Amino acid sequence: MKTLFVALCAAIGATAGVHAYAQAPIVIKFSHVVATDTPKGQAAERFKQLAEKATNGKVKVELYPNSQLYKDKEELEALQLGAVQMLAPSLAKFGPLGVKEFEAFDLPYIFPTKTALYNVTEGEIGKSLLKKLEPKGITGLAYWDNGFKVMSANKPLHTPADFKGLKMRIQSSKVLDAQMRALGANPQVLAFSEVYQALQTGVVDGTENPPSNMYTQKMHEVQKHVTVSNHGYLGYAVIVNKKFWDGLPPEIRAQLEKAMREATTFEKAIAQRDNDQALDAIKKAGRTQIYTLTVQEQAEWRKALAPVQKAMEARIGKDLISAINKESAK
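Remember, predicted model here, so these are calculated numbers, not experimental data.

Caption draft 1: Focus on the packing of aromatic side chains. Here the structure, examined in full by the defined rule, presents nine aromatic pairs. Between Phe148 and Tyr233, the aromatic rings sit 6.0 Å apart at their centres with planes inclined by 65°, giving edge-to-face as the arrangement. With Phe148 in strand 4 (residues 138–148) and Tyr233 in strand 10 (residues 233–241), this pair connects stretches of sequence that are 85 residues apart. A relative accessible area of 15% means that Phe148 is categorised as buried. Assessed through its relative accessible area of 5%, Tyr233 is described here as buried.

Structural data, given as C-alpha cells:
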C-alpha cells in the first residue's frame, strides 16, 4: 500500500510537471534493469543527451539503471501508475501484462538473422504489436536490440541431453518455460538483478543471455561453460506512460520522437559490437570455457526446440507466428 501511495504521488507530480513545463523542466524518469555499459544502458544515455539538447533543457531525463528503482516485475506497474515515465523492458515482459503476442520474440530459432528480425520490428508487424500496448496505458516508441543468446552452466551444453535436470533461470515467459522443458531442463523464473547470486549459490545451475548482459553482470565468474547457440533473441521495447506522453506539448513530443529515432539508430549499431567484445572479454577472463555449436549440433537443438512453436500457437496466435516466419524468410 505504501509503494502504491508513493507511486500515485509521483504520478500526480509528473502530470503537474507537464503543465508547468514553461517554469520547470519536464522530468522523464527512465528506469531499466541492466548496467550502464550494456547496449541498452548506453542508448538510454544517448537518448538523455539528445532529448535534453533538442528541447533546450525543457526536458530533463533522469536515468536509473541496474534496477535502482524497480525490479523486473515492478517496473511495468510503476510505469502504468506514472511513478516513472519511460522504460525499455525486454519483450518477454509484455506476456504477463496480457499482451501475449510479444512472446513470439521468445520463440527459439524464429529469427535466422538480424535482417529477418528487423524486417519484423521495423515493418507492419512490429508497429501493430506496439499498438496493442495502448489499452494498457502504454505508448511504444521503438524497438531496441540486444542480440542472440548464449547458454551457460557449470557443465558443457553441447546437446539437448546435456540440459536434463538442470535448473535454468528464465524471464517470466511461457515460451521460455516451454523452451527449457523441451530441452529437459527445469525452468526457474528469477528477476534479472537476482541472477548472479542465484548462480553463485547454486539456486540455479545456468541461464541464457546475450553475452553483453552476461559479462556486465559478471555471470561468467560463476559459470564454467558458455555455449554460443544463438537459439533465441533478446530485444526491448522503449515505452512511455501514455497519459504522460499524450499530455506533452506537440513540439516537445516531436523533438523527443526525433531524439528516440537517433538513439535507436545508435543502439542498433553498437549492440552486435558490444556482444562480440563481451564474448571476447569472457574468453580472456579465463574462468569460462566457450563452445560454439557445430552445424550438426545446432540441427539437434533446432529439432528438439521445433515443437515449441506449435505448442505456443494457441497462446501467441497461429497467424502471427506464420506471418513472422514468412517475413523472416524474405
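Caption draft 2: Expanded view of the sheet that holds strand 5 (residues 150–153). Strand order in the open sheet formed by four strands is 8-5-9-11, and the pairing between neighbours is mixed. This sheet does not close on itself; its edge strands, each paired only once, are strand 8 (207–209) and strand 11 (289–292). Each adjacent strand pair in this sheet contributes to an overall mean axis angle of 25°, direction not counted. When strand 9 (residues 225–228) meets strand 11, the two strands line up parallel, connected through four bridges. In the sheet register, Val226 faces strand 11, and the bridge partner there is Ile290.

Caption draft 3: Spotlight on the environment of Leu87. In this fold, Leu87 is placed in strand 3 (residues 86–87). Along the primary structure Leu87 and Val308 are separated by 221 residues, whereas in three dimensions their C-alpha atoms are 29 Å apart. For Leu87, the contacting residues outside a window of four places in its chain are Phe30, Ser31, Glu75, Leu76, Leu79, Ala237, Val238 and Ile239.

Caption draft 4: Structural context of the packing of helix 6 (residues 174–182) against helix 11 (residues 295–311). Between helix 6 and helix 11, whose axes approach to 9 Å, the crossing angle comes to 145°. For the crossing formed where helix 6 meets helix 11, the hand is right-handed. Along its contact with helix 6, which presents Val175, Ala178, Gln179 and Ala182, the element helix 11 presents Ala304, Leu305 and Val308. Among the residues forming the contact of helix 6 with helix 11, the class breakdown is six nonpolar, one polar and no charged.

Caption draft 5: Layout of helix 13 (residues 318–328). Of the residues making up helix 13, those classed as buried are Leu320, Ile321, Ile324, Glu327 and Ser328. Projection of helix 13 onto a plane perpendicular to its axis shows the buried side chains occupying an angular sector of 130°, all on one side. Away from the buried face of helix 13 by more than 90 degrees, exposed residues Lys318, Asp319 and Lys326 are located. Those residues of helix 13 hidden inside the fold are in contact with helix 4 (114–121), helix 5 (124–131), helix 11 and helix 12 (313–316).

Thresholds applied
Numbering of residues starts from 1 in each chain and follows the order in which that chain's sequence is written. Since the coordinates come from a predicted model, pLDDT governs what is reported: local features require at least 70, and pairs of side-chain atoms require 80 or more to be given and counted, while whole-chain, interface and lining totals use all residues. With hydrogens and water stripped out, all remaining heavy atoms of the structure feed into the side-chain values. Ring geometry is summarised as follows: Phe, Tyr and Trp rings, the Trp one being its six-membered ring, pair when their centres sit within 6.5 Å, and such pairs are stacked at plane angles under 30 degrees, edge-to-face over 60 and tilted between the two. Helix and strand definitions here come from DSSP, where helices need a minimum of 4 consecutive H or I residues and strands a minimum of 2 consecutive E residues; each element is numbered from the N-terminal end. Only protein chains enter the area calculation, which uses a 1.4 Å probe; residues under 20% of their type maximum are buried, those over 50% are exposed, and those in between are partly exposed. Should DSSP find at least two bridges between two strands, the strands are taken to pair. Axis definition: a line fit to C-alpha positions, over the contact stretch in the case of helices; interaxial angles, taken between N-to-C directions, run 0 to 180 degrees. We call two residues in contact when some of their heavy atoms are within 4.5 Å. In this scheme, a crossing is called left-handed if the near helix is turned counterclockwise away from the far one by less than a right angle; it is called right-handed if the turn is clockwise. Gly is put with the polar residues, along with every residue not named as nonpolar or charged; the nonpolar set is Ala, Val, Leu, Ile, Met, Phe, Trp, Tyr, Cys and Pro, and the charged set is Asp, Glu, Lys and Arg. Throughout, the arc means that of the directions going from the helix axis to the C-beta atoms.

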